[in-house]
Amino acid sequence: MASHIVGYPRMGPKRELKFALESFWDGKSSAEDLQKVAADLRSSIWKQMTDAGIKFIPSNTFSCYDQVLDTTAMLGAVPPRYGWNGGEIGFDVYFSMARGNASVPAMEMTKWFDTNYHYIVPELGPEVNFSYASHKAVNEYKEAKALGVDTVPVLVGPVSYLLLSKPAKGVEKSFSLLSLIDKILPVYQEVLAELKAAGASWIQFDEPKLVMDLGANELQAFTHAYSALETSLSGLNVLVETYFADVPVEAYKTLTSLKSVTGFGFDLVRGTKTLELIKGGFPSGKYLFAGVVDGRNIWANNLASSLDTLKALEGIVGKDKLVVSTSCSLLHTAVDLVNEPKLDKEIKSWLAFAAQKVVEVNALAKALAGQQDEAFFSANAAAQASRKSSPRVTNEAVQKAAVALKGSDHRRATNVSARLDAQQKKLNLPILPTTTIGSFPQTMDLRRVRREYKAKKISEQNYVEAIKEEINKVVKIQEELDIDVLVHGEPERNDMVEYFGEQLSGFAFTANGWVQSYGSRCVKPPIIYGDVSRPKAMTVFWSSMAQSMTKRPMKGMLTGPVTILNWSFVRNDQPRFETCYQIALAIKDEVEDLEKAGITVIQIDEAALREGLPLRKSEHAFYLNWAVHSFRITNCGVEDTTQIHTHMCYSNFNDIIHSIIDMDADVITIENSRSDEKLLSVFREGVKYGAGIGPGVYDIHSPRIPSEEEIADRIEKMLAVLESNILWVNPDCGLKTRKYAEVKPALSNMVAAAKHLRTKLGSSQ
C-alpha cells in the first residue's frame, strides 16, 4: 500500500534556511554557502521520508523564497524593471523580484489561499516572452536521484499559475491571464522532456485553484492545457493535486476526465464533501491520493477514523490504486515534535508536527496493507481519549459566556461620525494625522533582554527597567519626528499573537514550532487546546507607562480575536467561531481595562480577518458574520470619546469592504503600498466610507527608504478619492523587522509629506 507527502517545510527544524538567507542578504556569506545549507536540508528531508517508508517523495517543493516565484523564474516571466537579459536566473534577479533592490520595488506579495503563507504574485501581460530560465525542478530531481531517492518532481500547474497571477502594470485590468496558456505550455513541455530524460516516472502538478468557484471558461482551460501536454506526458505517471477545500462538482468532473492524468489528489480533511463525489463515481484504473492526514494543523491524526475512511475508499477505487497522503503540503505545520523537550507531556501526546505526520501517513498505509502497528495505533487511541476527557480542555464559565453572545449584535451606542466628533474634541488632532502601526525595530539587545528574562538570568526589576528605557527611546524618537498619535513600540513582545496567547488560558507554546510566513520570515503559532479566558490584564502596565511619558495620545495595542484565531493552531473539537467568541470576550476585558487606565486610543489589530475568508463564496457570509461580530464584541462597551483603531495587512479587501465598514471601527489602517493602491479603486467606484482610514503610504517589507515626494504623491492619490478629514498618514505595517537607519528617515519623510499637504490644503480652503 503506497504513501505520499504533498510537500514539506523548507526552513529546517531549527530555522537553518532562515539564518542562511539572512546571512546571504546581509553580505556575510556567499551564494555557495546558502546553496550548501539548502542542499543539506533537502537531502535530510528526502532521507527522513525514505526512512519512514514513504513511496511517493516530492522534490522541487523546497524553495529559497516561494514556489510560485520559482515557477515565474522557470518560465522566465521576469518583469522588465529587474533588468534580466536572459540566461539562467540567478539569486540576484530572483531575490530582487522577491524583495526589491536599491532601485526598484519588489513584486506584490499576497496570501496563499486562506493560509498565513504569502506567495509572490506573477505580473503578466500580452508582451511577456516566456522562456525556460530556471532548471531548478530538474536539478533537484537529479540531486535526489544521486542520493538514491527517486522523487516525484512537483510543479505549480499551468492553469493555477495563471489564475494566481495579475495583469502587469500598464496592462488592462480586464486582460485574460488564461489567454497566455499556449505561451507557457512550451516551457512546461521542455521541463517535462528533461525530467523524463533524467528518469522521472511520476510528476505532480499542484492545481489548488480547482477548489475555487471557477467558471466554464476556467474549467475549459484545464481540459485544454492537459490535452495540449498529452504528448509530453506520455510515458509519465501524472498526479494532479488539489487542496484546502472541497472540489466543486463541475471541477471534479473536469479534473477526473483529464485523459493524460494517472492520479488525483484530494484534501479529505477540509474537503469532506469530496468524499461523497468520489463515492458517487471515480474513474476506473486511476489512482486516488487520499489526503487524510491534516497538513494545516498540529493535532495527531485519529488513526482509527482515518483507517475507516480509507477502507471505504479502497472499496471504490481498489486496493492497488489507493495512496495514503497528506491533505496538503506540510509547509503549513511545525517541523518536528522532537525539538519540544519542554512541552507539557499530556498536550504533547495530542500533537503531530510534519515529521510525525510523515510517520502517520506510512502507518496508515501499512495498516491498510494488513500490517497494522498495534502499539502505535493503541498509543494513538489513548491520546485521542485523553484529549476528549481532559479537564484542562473545558471551562464551563467560558462556555456559558460564549453561548450567551449568540443572540445579540454588540454595537457601540452611537454612529461613527458622532464618535469621531467627540474624539476630535478630546484629541485635537491636525488634518492628515500621522501615526505608525505599532511595533518599532526589535534590536539584538532587546531580543537578548527578553531571552535572559525568560531564562531567569536577569531579575524582573532589571527587565522592566530595560523595557522602560526602550519605550522612552521610542517615545522620544516619535516626538522628535513630530508624529501625532504615538505607539510604545512593543519592545516587550515577541510576536503579536504569541504575546497574548502566553497570557491567556487554553493556549500552549512551542520552542521550535516555526512555520514559514514569507521569505525568511517565520511565525510560531500558539496552540489553542482548550477554552480561552483572561486571568489578568495583559498590556495595561506597559501602555500606562508609555502614556505617562508623553502628552500626545498613546495607542493601546492589542491583537484582535479573529487574528489570534487565524494565526494559531486551533482546536479541532469545536467550531472555530466558538473559540473566536471566547477570545473576543478576553480581549473585551482588556479593552475596558485600558480605557479605565486612561488610554483613549486603542488599536485592535485584525491583520488576518480577510485571510480566514473561506475559499468558496457560499461560505463567505457565515464567516464574515461571526468574524465581524467577534471584533465588535471587543469594543462595544467603550465611551464615544475612546477611539478604536484596527489594522489589516496583505489582503485583497475590495470584496469584503462592506464587512470592514460593518466592523464599525473609528479608524482603520490598511496595507496598500505593494498592491499599487488596488484598495483605492473601491472608493473610486463609489463605496462611501465615513470612518477614519489610513491606507499605507510606504512598504515596510522592503529596506527601501521612500522620498518625501513619493509619499506626498501617494497621499494625493488618496485625497483624490477620500475626504481629507478622514484620511490618516501611516506606514503600511509594523516596523519590527526594519532597522532604525531605515525607519527614521522614512518616517521623517512621511511626516514632512503630511505637513506639506496640510499646508497645501490649508491654503486652498
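Residues numbered from 1 in each chain as written. Predicted model: local features only at pLDDT ≥ 70, side-chain atom pairs only at ≥ 80, totals over all residues. Heavy atoms only, no water.

In the annotation of an unreviewed UniProt entry, the protein chain is listed under the name 5-methyltetrahydropteroyltriglutamate--homocysteine S-methyltransferase and assigned to Populus alba x Populus x berolinensis. Regarding the protein chain, the relevant UniProt record gives this comment under Catalytic activity (unreviewed entry): "5-methyltetrahydropteroyltri-L-glutamate + L-homocysteine = tetrahydropteroyltri-L-glutamate + L-methionine". Here is the UniProt Pathway (unreviewed entry) comment for the protein chain, exactly as written: "Amino-acid biosynthesis; L-methionine biosynthesis via de novo pathway; L-methionine from L-homocysteine (MetE route): step 1/1." (UniProt positions renumbered as here; feature names shortened; annotations may be inferred.)

A. Up close: the packing of aromatic side chains. Inspection of every chain in the model, using the stated rule, returns 31 aromatic pairs. On the basis of an interplanar angle of 85° and a centroid distance of 6.3 Å, the ring pair of Y463 and W542 is categorised as edge-to-face. With Y463 in helix 19 (residues 460-481) and W542 in helix 21 (residues 540-547), this residue pair connects regions lying 79 residues apart in the sequence. Pair check on accessibility: Y463 and W542 agree, each one buried. These aromatic residues form a ring-pair network of at least three members: F24, W25, Y65, F91, Y94 and F95. Sitting over the ring of W299, R387 keeps its end group 3.8 Å from the ring centre. The ring of W514 is capped by K524, whose NZ or CZ atom sits 5.3 Å from the centre of that ring. (Phe/Tyr/Trp six-rings, centres within 6.5 Å; stacked < 30°, edge-to-face > 60°. Helix = DSSP H or I, 4+ residues; strand = E, 2+ residues; numbered from the N terminus. Buried < 20%, exposed > 50% of the residue type's maximum accessible area, 1.4 Å probe, protein only. Lys NZ or Arg CZ within 6 Å of the ring centre and 35° of its normal.)

B. Examining the pattern of salt bridges more closely. Summed over the entire model, instances satisfying the criterion amount to 45 salt bridges. For R534, the salt bridge goes to E590, with nearest N and O atoms at 2.5 Å. Residue R534 is found in the loop between strand 16 (527-533) and helix 21, and its partner E590 is found in helix 23 (residues 576-596); the two are separated by 56 residues along the sequence. When the shortest N-O distance is used, the salt bridge between R738 and E742 registers 2.6 Å. Judged by relative accessible area, E742 falls into the buried class, the value being 15%. A single salt-bridge network, built from bridges that share partners, covers R42, D70, K136, E140 and E143. (Salt bridge = Lys/Arg side-chain N within 4 Å of Asp/Glu carboxyl O.)

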